Amino acid sequence: MRNVLMRNDLSLSLKFGFLGLGMGGCSIAYESATIRTQITNNHNPYTALLINTNEIDLRKFKEHSNVRKLQLTGFEKGAGRDIAIGEAAFKQHRETIQREAVEYFADRDFVWVTGGLGGGTGTGSILEAIRMLYANGFKDRCGLMITLPRDNEGSTVIENALDRLQMIAKAMNNLGCILVVDNQKLYNDFIKEQSQASISEYLDYSNKYIATALHEINVVTASFNPIAGYHFDSSELLNTFRTPGLISISKLEFASNSIDTANQSTFLPDFKRSIERGTLSDGYNLAKSSRIAVSMVAHPNAAKRIFSMSFINSIETTIEGLSPMAKEKPVAAYEDPNGVDLSIYTIVAGLGLPNRVNQLVDKAKEAQEKADDVFGQVDSTLSALSGFTRKKPFEQSPSTSDDPFAASSEVASTKQSNDGDVDPFSILK
Ligand SMILES: Nc1nc2c(ncn2[C@@H]2O[C@H](COP(=O)(O)OP(=O)(O)OP(=O)(O)O)[C@@H](O)[C@H]2O)c(=O)[nH]1
Ligand SMILES: [Mg+2]
């Protein structure tokens, strides 16, 4: 499909709101809210409420009429990767956040609670944020968008992410959908193209990519006339987002002249691979999915040729093979008079956690074992130091008054005894 942002002939399925938590969560929410379409009366179709402890990070986002920022006062310096601080900050300001969220998201069809797992603020406040929305009438219209950290972000970040992921996984059946963004996957794809780029360029790219991917899914389900098969419409999209479990989205584009419908190898392997690879994360057991929906869009000239019964049947058979347990498997074909190619969008819902979580668990265990190795070893310098005993000083002569340090050593010794348990060296006493 031609650039969705430049077209004025498209419609939207759902009005999204984004509750951004912490720096990563706010960045994705902000990027989504600043998507600008050519749609009359809906130039900025999405709304963001940005919550962060860190004042400086929050200041980076420019003012927009559809973006509201809320700094958690008392925590200006950030949560410093401490989940407990992030959670405390949210709880302390819960009433204000609640008031703003209820007001700001009143007309939204679906609210994404958005956070980068691994830090203190976003990770620490994510569960509280969901609780708050559930208690305020958003139960059937909110989901989770979370990023998983990269391998090299260090063990604190990975452990923070796994800590909250454990809790999210336990509650998964009671939540709406969870959209996971695998930062390592996006990073690997990005670095292949731009090996000289900086981390901040990558993050910027990733946020635009995430925002556009979700926006496209939202546009495809509302903009075109179905010409064959089932119409996967806005209410179906909402039902999909309400489905508990993880959700995976994918997109595949063909130059329409590259497909020979009588030769499946010209399209089926790519189609299957695109679902397995996913746009934002991969490594799912697709066989467990409870819903899978395919929307195909082509220019009318190509559509007549491509969307034959046998072509649609081969797509249906493929998703049947991938997700035999899915209770709903709509395949819809649309004509887009302004399209230039064939685009195929797939959403798979009701999934378990992706394989990336196993990798992060392995990474965390590896780091713990390394730490045990290093810190478990007898520190030879420390044992040499403990083995050293100072010889008794020579008897001081009574005339110490001309010792320039006599007074200060007296002060130091009194101070030590007064300091009691805050003395870092009390272990030596
Ligand atoms: N895709 C994406 N991921 C991000 C971005 N910024 C941070 N992340 C991810 O989110 C994780 C958490 O980082 P932050 O969001 O900065 O942390 P925070 O919630 O602000 O927490 P504290 O700074 O500790 O208070 C990181 O480990 C990254 O993996 C971003 O702009 N885009
Ligand atoms: Mg931060």
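Enquirer: I'm lost on the site of ligand 1 in this one. Help?
Expert: Residues in contact with ligand 1 amount to 22 residues; listed here are only the nearest, G24, R81, T121, G122 and E153. Here G122 contributes a backbone N or O atom positioned 2.7 Å from an oxygen atom of ligand 1. Protein chains bury 90% of the 640 Å² of accessible surface belonging to ligand 1 in isolation. Where the shell around ligand 1 is concerned, the elements lending two or more residues are α1 (22-33), α5 (121-134) and α8 (199-223). When the residues that make up the shell around ligand 1 are grouped by side-chain class, the tally is seven nonpolar, 13 polar and two charged.

Enquirer: Would you take a moment to explain the domain arrangement of the protein chain for this structure?
Expert: Think of interface size as the accessible area that goes away when the parts come together; that is how it is often given. Taken domain by domain, the protein chain comprises domain 1 (10-220) and domain 2 (236-357). Using only C-alpha atoms to locate each centre, domain 1 and domain 2 end up separated by 26 Å. Taking both partners together, domain 1 and domain 2 bury about 2600 Å²; carbon and sulfur atoms supply 70% of that area. Three residues stand out in domain 1 for area buried against domain 2, namely K185, I217 and V220, and they jointly supply 23% of the buried area on that side.

Enquirer: Please explain the pattern of salt bridges as it appears in this structure.
Expert: Side chains that carry opposite charge are capable of pairing whenever their charged atoms lie near each other. Going through the model one piece at a time under the given rule, you end up with 22 salt bridges. D189 is the partner of K192 in a salt bridge, and the nearest nitrogen-oxygen pair spans 3.9 Å. Residue K192 and its partner D189 are both found in helix α7 (residues 183-193); the two are separated by three residues, about one turn of the helix. The structure contains a network of salt bridges with shared partners spanning E87, K91, D163 and R164.

Enquirer: Just checking my understanding: could you explain the environment of N313 for this structure?
Expert: You can see N313 is positioned in helix α12 (residues 309-322). By relative accessible area, which is 43% here, N313 ends up partly exposed. Once the C-alpha coordinates of N313 and G17 are considered, the two residues, 296 residues apart in sequence, prove to be 37 Å apart.

Enquirer: Looking at this structure, I do not really get the packing of aromatic side chains. What am I missing?
Expert: Each aromatic ring pair is described using two quantities: the centre-to-centre distance and the angle formed by the ring planes. On inspection of all chains with the given rule, the structure shows 17 aromatic pairs. With a centroid separation of 6.4 Å and an interplanar angle of 50°, the aromatic rings of Y104 and F105 are classed as tilted. Joined through ring pairs, the aromatic side chains of F16, F18, Y46, F110, W112 and F241 make up one cluster. Above the face of the Y187 ring, R150 is positioned so that its terminal group lies 4.7 Å from the ring centre.

Enquirer: Just to check I follow, could you spell out the environment of Y104 for this structure?
Expert: Inspection of the secondary structure assignment puts Y104 in helix α4 (residues 94-104). Separated by 120 residues in the primary sequence, Y104 and F224 place their C-alpha atoms 30 Å from one another. In this structure the side chain of Y104 is engaged in a polar contact, spanning 3.2 Å, whose partner is the backbone nitrogen of V67.

Enquirer: Could you clarify how one ought to interpret the nonpolar core in this entry?
Expert: Nonpolar side chains in soluble globular proteins tend to be buried together. L19, M296, F307 and L342 are the most contacted members of the largest nonpolar core, which totals 70 residues. With six residues, α5 is the largest single contributor of residues to this core. Formed by 51 residues, the second largest nonpolar core is a distinct cluster that contains A33, I35, A48 and A197.

Enquirer: Help me out: how do you make sense of the environment of V374 in this one?
Expert: Locating V374 in the fold gives a position in helix α13 (residues 356-376). The class of V374 is exposed, set by a relative accessible area of 53%. Between the C-alpha atom of V374 and that of A222, which follows or precedes it by 152 residues, the distance is 57 Å.

Enquirer: For this particular structure, what's the right way to read the pairing of strand β1 (residues 16-21)?
Expert: Within β1, six of the six residues are buried, which leaves it mostly tucked inside the rest of the structure. Side chains F16, F18 and G20 of β1 all project onto a buried face; the interleaved residues G17, L19 and L21 project onto the opposite face, where all are buried too. In this sheet, strand β4 (residues 110-116) lies alongside β1 in parallel orientation, the contact comprising six bridges. Among the inter-strand pairings, G17 is bridged to a residue of β4, identified as V111. By the bridge criterion, five bridges tie β1 to strand β2 (residues 47-52) in an arrangement that is parallel. Bridge pairing in β2 links F18 to A48. Handedness of the crossover joining β1 and β2 through α1 is recorded here as right-handed.

Enquirer: What am I meant to see in the side chain of D182 here?
Expert: Note on placement: D182 falls in strand β6 (residues 177-182). Setting aside residues no more than four positions away along its own chain, D182 makes contact with L148, L280, S281 and R356.

Enquirer: What exactly am I supposed to notice about unusual backbone geometry here?
Expert: One can expect most non-glycine residues to show negative phi and most peptide bonds to be in trans. We note that N41 has phi near 65°; this positive angle belongs to a residue other than glycine. Counting through the fold element by element, N41 comes out in the loop between α1 and β2. Residue classification places N41 among the exposed residues on the basis of a relative accessible area of 76%. Positive phi outside glycine occurs at R81, with the angle close to 60°. One can find R81 in the loop between β3 (67-71) and α3 (83-92).

Enquirer: Explanation requested: the packing of helix α10 (residues 268-277) against α12 in the structure shown.
Expert: When two helices pack together, their arrangement is given by the angle between the helix axes and by the axis-to-axis distance. Following both chains from N to C, one finds α10 and α12 inclined at 40°, their axes separated by 11 Å at the closest point. The orientation of α10 with respect to α12, classified from their angle, is oblique. With respect to the hand of their crossing, α10 and α12 are arranged in right-handed fashion. Across from L268, F271, K272, I275 and E276 in α10, the residues of α12 making contact are S314, I315, T318, I319 and L322. Across the contact of α10 with α12, the residue classes tally to six nonpolar, two polar and two charged.

Enquirer: Explain the pairing of β4 to me, please; I cannot follow it from the model alone.
Expert: Each regular strand displays side chains that alternate between the two surfaces of the sheet. With seven of seven residues buried, β4 lies mostly within the body of the structure. Burial of the side chains of β4 extends over both faces: F110, W112, T114 and G116 are buried on one face and V111, V113 and G115 on the other. Pairing geometry for β4 and strand β5 (residues 142-148), over six bridges, is parallel. Bridging across to β5, G116 finds its partner in T147. Considered for its hand, the β-α-β crossover made up of β4, α5 and β5 is right-handed.

Cut-off values and rules
- Residues numbered from 1 in each chain as written.
- Chains lettered and ligands numbered in written order.
- Predicted model: local features only at pLDDT ≥ 70, side-chain atom pairs only at ≥ 80, totals over all residues.
- Heavy atoms only, no water.
- Near = heavy atom within 4 Å.
- Polar contact = N/O pair within 3.5 Å; in protein donor to acceptor, adjacent residues only side chain to side chain.
- Areas by Shrake-Rupley, 256 points an atom, 1.4 Å probe, with all protein chains shown as cover.
- Helix = DSSP H or I, 4+ residues; strand = E, 2+ residues; numbered from the N terminus.
- Nonpolar A, V, L, I, M, F, W, Y, C, P; charged D, E, K, R; others polar.
- Domains from an automatic or database assignment.
- Buried area = accessible area lost by both parts, 1.4 Å probe.
- Salt bridge = Lys/Arg side-chain N within 4 Å of Asp/Glu carboxyl O.
- Buried < 20%, exposed > 50% of the residue type's maximum accessible area, 1.4 Å probe, protein only.
- Phe/Tyr/Trp six-rings, centres within 6.5 Å; stacked < 30°, edge-to-face > 60°.
- Lys NZ or Arg CZ within 6 Å of the ring centre and 35° of its normal.
- Core = buried A, V, L, I, M, F, W, Y, C linked by side-chain atoms within 4.5 Å.
- Pairing = 2+ DSSP bridges.
- Right-handed = clockwise from strand over helix to strand, strands pointing away.
- Contact = heavy atoms within 4.5 Å.
- Axes fitted to C-alpha atoms, helices over the stretch in contact; angles between N-to-C directions.
- Parallel < 35°, antiparallel > 145°, perpendicular 65-115°, else oblique.
- Left-handed = near helix turned anticlockwise from the far one by under 90°.

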